[in-house]
Amino acid sequence: MFCSQCGANNPDTALVCAQCGRNLQAVTPASPLQPTPLQATGVVLPAGTTVQNYLVFAILTTVFCCLPTGIPAIIYAAQVNGKLQAGDVAGAQIASKNAKMWCLISLGLGIGCMALYAILIMVGVLSGIHQNR
Amino acid sequence: MAKNRLLAAMLAVCAAGVVMLRVFDPATSGIFPPCPVHYLTGWYCPGCGSLRAIHQLLHGDLRAAWALNPLTVVLLPFLTYGLASFVLFEIRGQGLPQPFLRAGWIRALCGAIILFGIVRNLPLHPFELLAPGAMLRF
């Protein structure tokens with residue numbers, strides 16, 4: 001079976017693509033002989049869902065926005081892939097949500113810092129004008 | 001539609017950021033906010049110097065960029081590829097081919113980033129070279 005996202009060739013019984021982590025079972029119905037963790041946990045993924053790990057955004061916020069809150073996002077990204085390796089799609093989705101949450105927290109903090117800096121600059125400029133008078 | 005607009009806004013912000021980083025040097029102009037970690041604690045974080053490094057890269061000075069933040073220079077090609085894949089996936093529903101990173105590799109990367117952040121603060125000879133810009137002074 002070829003993955004519809006990255007084109008990798010996977011065994012027909014694969015739950016998720018071994019290369020990119022895309023859910024393969026929702027695209028083609030699982031064979032009734034194969035009990036899958038998807039059915040075991042009762043989680044039904046929409047067709048073609050990818051369990052994203054948001055690793056790129058986690059590293060972006062850690063290294064380019066200087067925010068330590070990106071570290072938990074990276075740890076959750078590792079957890080997403082770890083659960084996918086173990087075939088636990090439901091667990092991977094929970095980790096994926098946490099990774100996304102920490103990325104959003106980092107983004108919010110980053111925007112907050114920038115706004116605070118802009119305000120400080122404005123105050124600095126204004127007080128500078130005041131002192132020059 | 002809302003998603004498309006969000007994507008367009010993100011791309012516009014990224015493009016504006018790249019242009020600003022090319023025109024203004026974060027080391028001398030005050031328009032870029034300082035690192036909050038360094039501002040509050042006086043310690044260098046793993047990302048300190050990353051904006052200055054990208055500024056130098058946009059001017060083709062790989063040596064200066066490496067001295068300011070080697071981690072940025074190493075990670076930037078991968079992050080650019082990952083972001084391009086994300087944008088393509090949002091536009092046409094198919095990203096670029098990506099290897100599946102095993103969890104252990106991501107944890108190792110996380111450890112490397114934290115270690116880099118600790119080590120560049122040490123006042124010992126080989127490590128102090130990792131502080132932003134220290135290599136340029138030798």
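Report on the accompanying structure. (Residues numbered from 1 in each chain as written. Chains lettered and ligands numbered in written order. Predicted model: local features only at pLDDT ≥ 70, side-chain atom pairs only at ≥ 80, totals over all residues. Heavy atoms only, no water.)

Re the overall build of chain B
Cut-off, in case you're wondering: Strands are runs of DSSP state E lasting at least 2 residues, helices are runs of H or I lasting at least 4, and numbering of each runs from the N terminus. Think of it in three bands: with a 1.4 Å probe and only protein chains considered, a residue is buried below 20% of the maximum accessible area for its type, exposed above 50%, and partly exposed in between. For this analysis, residues touch if any pair of their heavy atoms sits within 4.5 Å. Charge assignment in this entry is limited to Lys and Arg as positive and Asp and Glu as negative, and neither His nor the chain termini are counted. Charge coordinates come from a single atom per side chain, which is NZ of Lys, CZ of Arg, CG of Asp or CD of Glu.
Along chain B, the regular secondary structure elements total 7 helices and 0 strands. Listing the helices and strands of chain B from first to last along the sequence gives α-α-α-α-α-α-α. By its C-alpha atoms, chain B is 50 × 40 × 30 Å across when sized along the principal axes. Within the span of chain B, comprising 138 residues, buried residues form 35% of the whole. A separation threshold of at least 6 residues defines the contact pool for chain B, and within that pool the share at least 24 residues apart is 51%. Here chain B holds 10 positive side-chain charges and 4 negative ones, and the gap between their average locations is 10 Å.

Quick look at the overall build of chain A
Broken down by element type, chain A carries 4 helices and 0 strands. For chain A, the sequential pattern of α-helices and β-strands runs α-α-α-α. Sorting the 133 residues of chain A into buried and exposed places 41% on the buried side. In chain A, the proportion of contacts linking residues at least 24 apart, taken out of those at least 6 apart, comes to 42%.

Brief notes about the interface of chain A and chain B
Where we set the bar: When two parts are put together, the accessible area they lose, computed with a 1.4 Å probe and summed over both, is reported as buried area. Any carboxyl oxygen of Asp or Glu within 4 Å of a side-chain nitrogen of Lys or Arg constitutes a salt bridge here. Polar contacts, as counted here, are pairs of nitrogen or oxygen atoms within 3.5 Å of one another; within protein the pair requires one atom able to donate a hydrogen and one able to accept it, and residues that are adjacent in sequence qualify only if both atoms are side-chain atoms. For this classification, Asp, Glu, Lys and Arg are treated as charged, while Ala, Val, Leu, Ile, Met, Phe, Trp, Tyr, Cys and Pro are nonpolar and the rest, including Gly, are polar.
Residue-level contacts link 37 residues of chain A with 39 residues of chain B. Buried surface at the junction of chain A and chain B, summed over both partners, amounts to about 2,900 Å²; 75% is from carbon and sulfur atoms. Taken together, the links from chain A to chain B amount to 0 salt bridges. Joining chain A to chain B, the criterion identifies 3 residue pairs in polar contact (both at pLDDT 80 or more). Broken down by secondary-structure element, the contributors of at least two residues to the side of chain A that touches chain B are α2 (55–64), α3 (70–85) and α4 (89–132) of chain A. Residue contributions to the side of chain A that touches chain B peak at 10 residues, all from α3 of chain A. Across the side of chain A that touches chain B, the residue classes break down as 24 nonpolar, 12 polar and 1 charged.

Looking at the packing of aromatic side chains
For clarity, the cut-off: Ring pairs are drawn from Phe, Tyr and Trp, using the six-membered ring of Trp, whenever the two centres fall within 6.5 Å, and their geometry is named by plane angle: stacked under 30 degrees, edge-to-face over 60, tilted for the rest.
The tally for this structure, following the rule as stated, stands at 1 aromatic pair over all chains. Taking the centre distance of 5.0 Å and the plane angle of 80 degrees together, the rings of F57 of chain A and F86 of chain B count as edge-to-face. Residue F57 of chain A is found in helix α2, and its partner F86 of chain B is found in helix α5 (residues 70–92); the two belong to separate chains.

A closer look at α3 of chain A
Residues and elements named next belong to chain A. We apply this condition: For a helix, the expected span equals 1.5 Å multiplied by the number of residues minus one.
An ideal rise of 1.5 Å per residue puts 22 Å on 16 residues; α3 measures up with 23 Å between its terminal C-alpha atoms. Those residues of α3 that fall on the buried side of the exposure criterion are G70, I71, A73, I74, A77, A78, V80, N81 and L84. Note on α3: the residue one or two positions beyond its end, G87, has a positive phi of about 80 degrees.

As for unusual backbone geometry
One non-glycine residue, Y54 of chain A, adopts positive backbone phi at about 55 degrees. In this structure, Y54 of chain A sits in the loop between α1 (37–40) and α2.

Overview of the packing of helix α1 (residues 2–23) of chain B against helix α3 (residues 50–58) of chain B
Residues and elements named next belong to chain B. How we decide: Structural elements are reduced to axes, namely lines fitted to C-alpha atoms, with helices fitted over the stretch in contact, and the angle between N-to-C directions of any two is expressed from 0 to 180 degrees. Here the word oblique covers every angle except those under 35 degrees (roughly parallel), over 145 (roughly antiparallel) and from 65 to 115 (roughly perpendicular).
Relative orientation of the contacting elements α1 and α3 amounts to 80 degrees, with a least axis distance of 8 Å. Relative to α3, α1 is oriented roughly perpendicular. Between α1, through V18, L21 and R22, and α3, the contact on the second element is made entirely by L51, I54, H55 and L58. Across the contact of α1 with α3, the residue classes break down as 5 nonpolar, 1 polar and 1 charged.

Let's talk about the nonpolar core
Our working rule: We call a set of buried Ala, Val, Leu, Ile, Met, Phe, Trp, Tyr and Cys residues a nonpolar core when their side-chain atoms join them within 4.5 Å.
L55, I59, V63 and I74 of chain A together with L71, L75 and L79 of chain B are the most contacted members of the largest nonpolar core, which has 24 residues in total. Every element with two or more residues in this core is listed here: α2, α3 and α4 of chain A together with α5 and α6 (103–119) of chain B. Of the residues forming this core, the biggest block, 6 residues, is contributed by α2 of chain A. For L75 of chain B, the residues in contact, after removing those within four places along its chain, are I59 and V63 of chain A together with L109 of chain B.

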